[in-house]
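# Secondary and tertiary structure notes
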Amino acid sequence: MNEIELKARVADKAKVEEKLNSFAKFERSVTRDDRYYIGPSGKGKKIRIRKETENETVTWLLTYKKKENRRGPDGTTSEVNEELETAMEDPTPLVQYLEDSGYTVALRKHKDVLDWVHDGATLELCNIPPLGWFLEIEILSEKNDEETVQAAQKKLKELLLKSGLSEKDIEEKYYSELLKECNENK
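Right, let's walk through the structure included here. (Residues numbered from 1 in each chain as written. Predicted model: local features only at pLDDT ≥ 70, side-chain atom pairs only at ≥ 80, totals over all residues. Heavy atoms only, no water.)

Residue P130 is bonded to the preceding P129 through a cis peptide linkage, with omega at 0°. With respect to the helices and strands, P130 occurs in the loop between strand 8 (121-128) and strand 9 (132-141). The backbone of E56 sits at a positive phi, close to 70°, despite the residue not being glycine. Its location among the elements puts E56 in the loop between strand 3 (47-54) and strand 4 (57-66). Residue classification places E56 among the exposed positions, given a relative accessible area of 79%. Positive phi is not limited to glycine here, since D119 has a value of about 50°. (Helix = DSSP H or I, 4+ residues; strand = E, 2+ residues; numbered from the N terminus. Buried < 20%, exposed > 50% of the residue type's maximum accessible area, 1.4 Å probe, protein only.)

Here is the structure:
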């Protein structure tokens, strides 16, 4: 599947949460702890192992993404990610293999997430320490051609505005970049 996503900074979590509750259906609260592994060369694509916890139930997911930022006709940037993901019962054998093969953890990320759904989109209000609150709006699509992406970008922007945020709140950088910047500024 292809994930077409818009991410925006949230200054007032309560206000955005109230707006989301006014038009979207609340689905769940979940915690996600991600470890991103990178190969021995320190270059190339990252592999993510995610521990997802919901009501004390733990799910492990292995994800490989091809990420790309695309600018829409109106200048709004969204992520278009080809995502390959599978559930795992226990990540220990894979982690051991990666470490024995020279892979290292390049990044750790924690997210506390509140999920809503509306009109084929998922809206996630996320706290990412130490970065703060963000609203992620995503649409999954089997296609990622220009027409499909532009239609999704238009819908993402409409949902952003409906959530009480504006275009100036859009964050174009990946979380990995923001976390790296945050760590460098300590």
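From this point on, the discussion continues.
What follows is about the nonpolar core. In terms of nonpolar packing, the biggest core is built from 24 residues, with L20, L123, L135 and I137 touching the most fellow members. Sorting the residues of this core by element identifies strand 1 (2-10), helix 1 (13-23), strand 7 (104-118), strand 8, strand 9 and helix 3 (146-162) as the ones contributing at least two each. Among the elements that make up this core, the one with the highest residue count is helix 3 (five residues). Among the nonpolar cores identified, the runner-up in size contains eleven residues, and V30, L107, I128 and L178 belong to it. (Core = buried A, V, L, I, M, F, W, Y, C linked by side-chain atoms within 4.5 Å.)

Counting buried positions over the eight residues of strand 8 gives seven, a clear majority of the element. Sheet topology places strand 7 next to strand 8; seven bridges connect them, and they run antiparallel. Bridging across to strand 8, V113 finds its partner in C126. Where strand 8 lies against strand 9, seven bridges are found, and the strand directions are antiparallel. Considered in strand 9, the bridge of I128 is made with G132. (Pairing = 2+ DSSP bridges.)

Let us look at the side chain of K109. Mapped onto the fold, K109 is located in strand 7. Assessed through its relative accessible area of 8%, K109 is described here as buried. Among the polar contacts made by the side chain of K109, one reaches the side chain of Y36 at a distance of 3.0 Å. The residues contacting K109, other than those within four sequence positions of it, are R32, D33, D34, Y36, I128, Y175 and L179. (Polar contact = N/O pair within 3.5 Å; in protein donor to acceptor, adjacent residues only side chain to side chain. Contact = heavy atoms within 4.5 Å.)

Before going further, it helps to spend a moment on the pairing of strand 2 (residues 25-38). The sheet contact formed by strand 2 and strand 7 spans 13 bridges and is antiparallel. Bridging from a neighbouring strand, K25 pairs with V117 of strand 7. Looking at chain direction, strand 2 and strand 3 are connected through seven bridges and run antiparallel. Along strand 3, the bridge assignment pairs Y36 with R48.

Let us look at helix 3. Between its first and last C-alpha atoms helix 3 spans 24 Å; for 17 residues at 1.5 Å apiece the expected length is 24 Å, and the two agree. You can read the cap of helix 3 off the contacts: a side-chain oxygen lies 3.2 Å from the backbone nitrogen of E147, and it is on D145. (Expected span 1.5 Å × (residues − 1).)

In total, this model carries 18 salt bridges according to the counting rule given. For K13, the salt bridge is made with E17, and the minimal N-O distance between the two is 2.8 Å. Linking K13 with E17, this pair stays in helix 1, spanning four residues, or about one helical turn. Residue E17 is classed as partly exposed on the basis of its relative accessible area of 23%. Here E124 and R32 are joined by a salt bridge, their closest N and O atoms 3.2 Å apart. Of the two residues, E124 sits in strand 8 while R32 sits in strand 2, which places them 92 residues apart along the sequence. As far as burial versus exposure is concerned, E124 and R32 are alike and both buried. Overlapping salt bridges bring together R28, R32, E52, E54, D115 and E124 as one network. (Salt bridge = Lys/Arg side-chain N within 4 Å of Asp/Glu carboxyl O.)

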